[in-house]
Amino acid sequence: GKDSTFNFDYIVKAFAADSALPVDTTQVPWNFSIERVNVARTQLLYRDAGNDASLDIGQLSVSMEDFDLNNPVLKFNSISLRETKASLIQTTSSEPVPERKTVQTTASFPYNLGVNTIELNNVTVRYSNMTLGQMASVDVGDIQLDADEIDLNKKIIHLARFESDNTMISYHQMR
């Protein structure tokens with residue numbers, strides 16, 4: 001019988017590096033930055049057999065103070081969200097998760113995360129789980145937040161100002 005294997009050694013040898021040449025082992029990490037993100041009039045939809053999710057963004061503006069994924073640091077100067085609606089409706093629940101033993105962990109939040117100013121205006125969030133009979137909603141008329149310090153690793157949230165107007169949060173358990 002004929003041998004059906006192919007000999008590609010000549011191709012490998014043709015592209016093999018000359019062992020006399022030094023190999024460059026220095027690696028330069030990727031560096032990129034984000035200074036400002038603006039999203040306007042954008043709709044995202046996700047639907048499957050048990051979930052119906054939608055996000056309708058009127059206007060989202062984000063400006064960064066410090067963005068360094070190598071350290072890792074994510075510090076926002078400002079976040080502004082206006083005329084936005086989010087909804088998640090779950091019509092089926094997944095299989096029950098077997099009980100797990102509680103494990104004490106001391107893991108900290110992986111990022112040094114901070115924000116100076118958050119502004120929310122006319123933001124609506126709805127959540128419904130039909131199987132469990134749960135409904136939750138948040139209606140924000142206007143929220144203004146200025147932070148002196150936010151450090152999730154040290155569990156510190158120190159706000160200089162928090163103002164809320166025409167805002168309602170509700171939760172209903174129907175079973």
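Attention here is on the structure that accompanies the text. (Residues numbered from 1 in each chain as written. Predicted model: local features only at pLDDT ≥ 70, side-chain atom pairs only at ≥ 80, totals over all residues. Heavy atoms only, no water.)

### Re the side chain of Q134
Line of reasoning, step 1. Following the sequence through the fold, Q134 ends up in strand 5 (residues 134-151).
Line of reasoning, step 2. A distance of 3.4 Å separates the side chain of Q134 from the side chain of Y171, its partner in a polar contact.
Line of reasoning, step 3. When residues no more than four places from it in sequence are discounted, the contact partners of Q134 are Y127, S128, N129, Y171, H172, Q173 and M174. (Helix = DSSP H or I, 4+ residues; strand = E, 2+ residues; numbered from the N terminus. Polar contact = N/O pair within 3.5 Å; in protein donor to acceptor, adjacent residues only side chain to side chain. Contact = heavy atoms within 4.5 Å.)

### Side note on the pattern of salt bridges
Note that side chains of opposite charge can pair when their charged atoms are close.
Line of reasoning, step 1. This model, assessed by the stated rule, comprises five salt bridges.
Line of reasoning, step 2. In this structure, the salt-bridge partner of R47 is D52, at a minimum N-O distance of 3.0 Å.
Line of reasoning, step 3. Given the relative accessible area of 56%, R47 is considered exposed.
Line of reasoning, step 4. For E119, the salt bridge identified is with R82, shortest N-O distance 3.3 Å. Taken as a pair, E119 in strand 4 (residues 112-129) and R82 in strand 3 (residues 73-90) lie far apart in primary sequence, 37 residues in all.
Line of reasoning, step 5. Given the relative accessible area of 28%, R82 is considered partly exposed.
Line of reasoning, step 6. Several salt bridges share partner residues, and in doing so they unite D146, R161 and E163 into one network. (Salt bridge = Lys/Arg side-chain N within 4 Å of Asp/Glu carboxyl O. Buried < 20%, exposed > 50% of the residue type's maximum accessible area, 1.4 Å probe, protein only.)

### With respect to the environment of I169
Line of reasoning, step 1. With respect to the helices and strands, the residue I169 is situated in strand 7 (residues 168-173).
Line of reasoning, step 2. Through-space distance from the C-alpha of I169 to that of V125 is 9.5 Å; in sequence the pair is 44 residues apart.

### What about a nonpolar patch on the surface?
Line of reasoning, step 1. On the surface, W30, F32, I34, V37, L69 and Y111 cluster together into a nonpolar patch covering about 610 Å² of accessible area.
Line of reasoning, step 2. Relative accessible area serves as the criterion here: at 30%, Y111 is assigned to the partly exposed category. (Patch = residues over 30% accessible without salt bridge, like charges linked within 9 Å, V, L, I, M, F, W, Y side chains within 5 Å. Areas by Shrake-Rupley, 256 points an atom, 1.4 Å probe, with all protein chains shown as cover.)

### Observations regarding the environment of N70
Line of reasoning, step 1. Its place among the elements puts N70 in the loop between strand 2 (51-68) and strand 3.
Line of reasoning, step 2. Each C-alpha atom of the pair N70 and N31 lies 8.5 Å from the other, and the pair is 39 residues apart in sequence.
Line of reasoning, step 3. When residues no more than four places from it in sequence are discounted, the contact partners of N70 are W30 and N31.

### Remarks on the side chain of T84
Line of reasoning, step 1. Locating T84 in the fold gives a position in strand 3.
Line of reasoning, step 2. Polar side-chain contacts of T84 include one of 3.4 Å to the backbone nitrogen of G58.
Line of reasoning, step 3. Once residues within four sequence positions are removed from consideration, T84 is found in contact with L55, D56, I57, G58, Q59, N122, V123 and T124.

### Quick word on the pairing of strand 5
Line of reasoning, step 1. Of the strand pairs in this sheet, strand 4 and strand 5 are connected by 12 bridges, and their pairing is antiparallel. Looking at strand 5, one finds that E119 is bridged to Q144.
Line of reasoning, step 2. Counting the residues in the hairpin turn of strand 4 and strand 5 gives four residues, including G133, whose phi is positive at 70°.
Line of reasoning, step 3. Of the pairings in the sheet, the one linking strand 5 to strand 7 comprises six bridges and is antiparallel in character. Bridge assignment links S137 to a residue of strand 7, and that residue is S170.
Line of reasoning, step 4. With nine bridges connecting them, strand 5 and strand 6 (residues 156-165) associate as antiparallel partners. Bridge pairing in strand 6 links D142 to D165.
Line of reasoning, step 5. Between strand 5 and the antiparallel strand that follows it, strand 6, lie four residues; K155 among them carries a positive phi value of about 60°. (Pairing = 2+ DSSP bridges.)

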